[in-house]
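Here is how the chains run, residue by residue.
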Amino acid sequence: MDLKIKVFAFLTLLFPLISNAAQAEYLKIYMMQPKDAILQKLDGVDDMDRYVKEIEVNINKKLSEIKTNSNAWGFLVIAVRDDGRIKAWLDSDDAVSQEITNAMITVAESTKGFAVKTGAVVFALGFGVDGAALPVDKMPFPNDWKKLANCSNEDCQEKDAEAIVLKYWQ
């Protein structure tokens, strides 16, 4: 076998070991509103499904350009309003790098959303970067929301996500 081919084959086998590019795995979708409320706001779920798949792919494209040496988990919380505006927050107790946070939020907010009849549809994507797992029994509730809702962790569970999101936009 030619020496160049051997070297290329060897380097190809080593690539996963020497590449520190971030990679997100999407572990769970959390509906931040009752299912019936969301379904009443949509003309079916196909466009929402398209949006979620598109941002997952585009986030991983962006993350492939980012070098990282640590794994982290979190929630990318997304609100799509009836006027087409999109707002995203990253919520995590882990140390997610600012570069990864910015990439995820930018992709979510700049990707064409889906039609919402009234108010907003609010959901979150639970993710793990570089093999991190989501902790059991954690629910997303971004810090910005806690300030607006005047709550802290446990007492935030009963808060209305859509009302908080709409208040955030005021």
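Sequence order as written defines the numbering, with residues in each chain counted from 1. Local features are withheld for residues below a pLDDT of 70 in this predicted model, meaning they are given only at 70 or higher, and side-chain atom pairs are given and counted only at 80 or more; totals for whole chains, interfaces and linings count all residues. Where side-chain values are given, they derive from all heavy atoms of the structure, hydrogens and water being excluded.

Trainee: Would you explain the packing of aromatic side chains in this entry?
Mentor: How two aromatic rings sit relative to each other is given by the distance of their centres and the angle of their planes. Working definition: a ring pair exists when centres of Phe, Tyr or Trp rings (six-membered ring for Trp) sit within 6.5 Å. Plane angles under 30 degrees give stacked, over 60 give edge-to-face, the rest tilted. Within this structure, the stated rule accounts for 8 aromatic pairs. Consider the rings of Tyr-30 and Phe-75, whose centres lie 5.2 Å apart with planes at 80 degrees: the pair is edge-to-face. Taken together, the positions of Tyr-30 in strand E1 (residues 24-31) and Phe-75 in strand E2 (residues 72-81) put the pair 45 residues apart, joining distant regions of the chain. Each member of the pair, Tyr-30 as well as Phe-75, is classed as buried. The rings of Trp-89, Phe-141, Trp-145 and Tyr-168 are connected pair by pair, giving a single aromatic cluster. Between the NZ or CZ atom of Arg-81 and the centre of the ring of Trp-169, over which it lies, the distance is 4.5 Å. By the criteria applied, helices consist of DSSP H or I runs no shorter than four residues and strands consist of E runs no shorter than two, each listed in order from the N terminus. Burial classification: accessible surface area is computed with a 1.4 Å probe over protein chains only, and a residue below 20% of its type maximum counts as buried, one above 50% as exposed, and the rest as partly exposed. Two conditions define a charge located above a ring, namely a distance within 6 Å from the ring centre to NZ of Lys or CZ of Arg, and an angle within 35 degrees of the ring normal.

Trainee: What is the right way to read the packing of helix H3 (residues 46-63) against helix H4 (residues 98-110) from this model?
Mentor: Relative placement of two packed helices is described by the angle separating their axes and the distance separating the axes. Lines fitted to C-alpha atoms define the axes here, with helix axes fitted over just the stretch in contact, and angles between the N-to-C directions of these axes take values from 0 to 180 degrees. Across the interface, H3 lies against H4 with an axial gap of 9 Å and an inter-helix angle of 145 degrees. Along this stretch, H3 crosses H4, giving a crossing that reads as right-handed. Residues Tyr-51, Ile-55, Asn-58, Ile-59, Lys-62 and Leu-63 of H3 touch H4, and the partners they reach there are Ile-100, Ala-103, Met-104, Val-107 and Ala-108. In terms of residue class, the contact of H3 with H4 is made up of 9 nonpolar, 1 polar and 1 charged. If you view the pair so one helix is near and one far, a crossing is left-handed when the near helix is turned anticlockwise from the far one by less than a right angle, and right-handed when it is turned clockwise. Residue contacts are counted whenever heavy atoms from the two residues lie within 4.5 Å of one another. Residues are sorted three ways: Asp, Glu, Lys and Arg are charged, Ala, Val, Leu, Ile, Met, Phe, Trp, Tyr, Cys and Pro are nonpolar, and all the rest, Gly among them, are polar.

Trainee: Which parts of the structure should I look at to understand the pairing of strand E4 (residues 120-129)?
Mentor: Each regular strand carries side chains that alternate between the two faces of the sheet. The element E4 is largely enclosed, with a buried count of 10 among its 10 residues. Side chains Ala-120, Val-122, Ala-124, Gly-126 and Gly-128 of E4 all project onto a buried face; the interleaved residues Val-121, Phe-123, Leu-125, Phe-127 and Val-129 project onto the opposite face, where all are buried too. Strand pairing requires that DSSP identify at least two bridges connecting the strands. Looking at chain direction, E1 and E4 are connected through 7 bridges and run antiparallel. Across the sheet, Tyr-26 pairs through a bridge with Phe-127, a residue of E4.

Trainee: Quick question: what am I supposed to make of the pairing of E2 here?
Mentor: For E2, the tally of buried residues reaches 10 of 10 residues, placing the bulk of the element in the interior. On E2, burial covers both faces: Ala-72, Gly-74, Leu-76, Ile-78 and Val-80 on one face and Trp-73, Phe-75, Val-77, Ala-79 and Arg-81 on the other are all buried. Pairing of E2 with E4 involves 10 bridges; the strand directions are antiparallel. Following the sheet pairing, Leu-76 is matched in E4 by Leu-125. As paired strands, E2 and strand E3 (residues 86-91) are joined by 6 bridges and run antiparallel to one another. Bridge pairing links Ile-78 to Ala-88 in E3. Remark: 4 residues form the turn of the hairpin made by E2 and E3, two consecutive strands paired antiparallel; Gly-84 in that turn has positive phi of roughly 95 degrees.

Geometric values such as these leave the question of function open.
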